[in-house]
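# A look at the structure
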Amino acid sequence: MLLRGKLDPAVLNSLAESDAVLWVEPAPRRKLVDELASKLVGGDDGQTGTPTITQQLGYDGAGVTVCVADTGLDTGDTNTMHVDVRGRVKGFRPYGSLTDGSDGYGHGTHAAGIVAGNAASGETDPDTGAFYGLGVALPSRPVHRANF
């Protein structure tokens, strides 16, 4: 069993000494690298905060419909999902043991974002300036950088 969470430092030693505990380590700080990943697929112009080369050349996914068969997508409701994919999803079809379109694992949201994320939130990585939520099929409207 794997447990993650915040722990009072005062109980760390007693937890680590327990026979039931095999390993204790700090959780890694996860980072999104959507723009960087999209530019691996769509071409990198060497700039930060810009669309991929294929997007700059006019290949934006307009008129193309794709299906992402994975663990679901965000809330599973096209009206309440994250702004980076809102308005870009036509519907859901649960399969296997899934009972609705929501994503209880995160992988489906990640995969769909690579395809259809439009960086509408304007959020950027504070370390690199690269856009979060930028997929390879950019919308016809431009991506704008937000000031956070």
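Residues numbered from 1 in each chain as written. Predicted model: local features only at pLDDT ≥ 70, side-chain atom pairs only at ≥ 80, totals over all residues. Heavy atoms only, no water.

## Focus on the overall build of the chain
The condition that has to hold: Note on conventions: DSSP H or I runs of at least 4 residues are helices, E runs of at least 2 residues are strands, and numbering of each starts at the N terminus. Burial classes: relative accessible area under 20% of the type maximum marks a residue as buried, over 50% as exposed, and values in between as partly exposed (1.4 Å probe, protein chains only). Only heavy atoms enter the contact rule, under which two residues are in contact if any of them lie within 4.5 Å. Areas reported as accessible are Shrake-Rupley estimates using a 1.4 Å probe. Residue values count occlusion only from the protein chains shown.
In terms of regular secondary structure, the chain is built from four helices and zero strands. Ordered by position from the N terminus, the helices and strands of the chain form the series α-α-α-α. Counting only residues that meet the buried cut, the chain has 28% of its 148 residues in that class. Summarising the internal contacts of the chain: among those between residues at least 6 apart in sequence, 54% fall at separations of at least 24. In the structure as shown, the chain presents an accessible area of about 10,500 Å², 56% of it carried by carbon and sulfur atoms.

## Thoughts on the layout of surface pockets
Short version of the rule: Only protein atoms enter the 1 Å grid, on which a cavity is a set of points fitting a 1.4 Å probe that cannot get out and a pocket is an open set with protein on both sides within 12 Å along at least 5 of 7 lines, lining residues being those with an atom within 4 Å of a point. Grid points are joined across faces, edges and corners, and a volume is the space filled by probe spheres set on the points. Lys, Arg, Asp and Glu make up the charged group, whereas Ala, Val, Leu, Ile, Met, Phe, Trp, Tyr, Cys and Pro make up the nonpolar group; the residues left over, Gly among them, are polar.
Size it by volume and the largest pocket reaches roughly 900 Å³. Val-66, Cys-67, Arg-88, Val-89 and Lys-90 are the residues nearest the centre of the largest pocket, which is lined by 35 residues in total. Taken together, the residues that form the lining of the largest pocket break down as 19 nonpolar, ten polar and six charged. In terms of lining residues, the second largest pocket is bounded by 20 residues, among which Leu-3, Arg-4, Trp-23, Val-24 and Glu-25 are the most central. Considering only residue class, the lining of the second largest pocket consists of 15 nonpolar, one polar and four charged.

## Let's talk about the nonpolar core
Heads up, the condition is: Side-chain atoms within 4.5 Å link the members of a nonpolar core, which is a set of buried Ala, Val, Leu, Ile, Met, Phe, Trp, Tyr and Cys residues.
Core analysis: the largest hydrophobic core is formed by five residues, namely Leu-73, Met-81, Val-85, Val-89 and Ala-112. Once residues within four sequence positions are removed from consideration, Met-81 is found in contact with Leu-73, Asp-74, Thr-75, Arg-86, Val-89 and Phe-92.

## Topic: helix 2 (residues 34-42)
Where we set the bar: To obtain the arc, one takes the directions from the helix axis to the C-beta atoms.
If you check which residues of helix 2 are buried, you get Asp-34, Glu-35, Ser-38, Lys-39 and Gly-42. Seen end-on, helix 2 carries its buried residues on one side only, within an arc spanning 130°. Here the buried face of helix 2 lies against helix 3 (53-56) and helix 4 (107-116). Downstream of helix 2 by one or two residues, Gly-43 has phi in the positive range, about 100°.

## Focus on the confidence of the model for the chain
Cut-off, in case you're wondering: What pLDDT reports is the predictor's confidence in each residue, on a scale of 0 through 100.
In this model, the chain carries an average pLDDT of 82, and 89% of its residues clear a pLDDT of 70 or more. Per-residue pLDDT, averaged within each element of the chain, yields its smallest value for helix 2 (85) and its largest for helix 1 (residues 12-17) (89). Predicted confidence for residues 144-148 stays below pLDDT 50, and this span has 13 contacts to residues more than four positions away or in other chains.

## What to know about the environment of Gly-42
Along the chain, the position of Gly-42 falls in helix 2. By relative accessible area, Gly-42 is classed as buried at 8%. Spatially, the C-alpha atom of Gly-42 lies 9.7 Å from that of Gln-56, the residues being 14 residues apart in sequence.

## Section: the side chain of Asp-103
Keep this limit in mind: Side-chain atoms alone can form a polar contact between residues adjacent in sequence; in general such a contact is a pair of N or O atoms within 3.5 Å, and within protein one must be able to donate a hydrogen while the other accepts it.
Along the chain, the position of Asp-103 falls in the loop between helix 3 and helix 4. At a separation of 2.7 Å, a polar atom in the side chain of Asp-103 contacts the side chain of Thr-71. For Asp-103, the contacting residues outside a window of four places in its chain are Thr-71, Gly-72, Leu-73, Asp-74, Gly-108 and Thr-109.

## Regarding the environment of Glu-123
Examined against the element boundaries, Glu-123 turns out to sit in the segment after helix 4. Note on Glu-123: relative accessible area 33%, which makes it partly exposed. Between the C-alpha atoms of Glu-123 and Asp-84, which are 39 residues apart in sequence, the distance is 9.9 Å.

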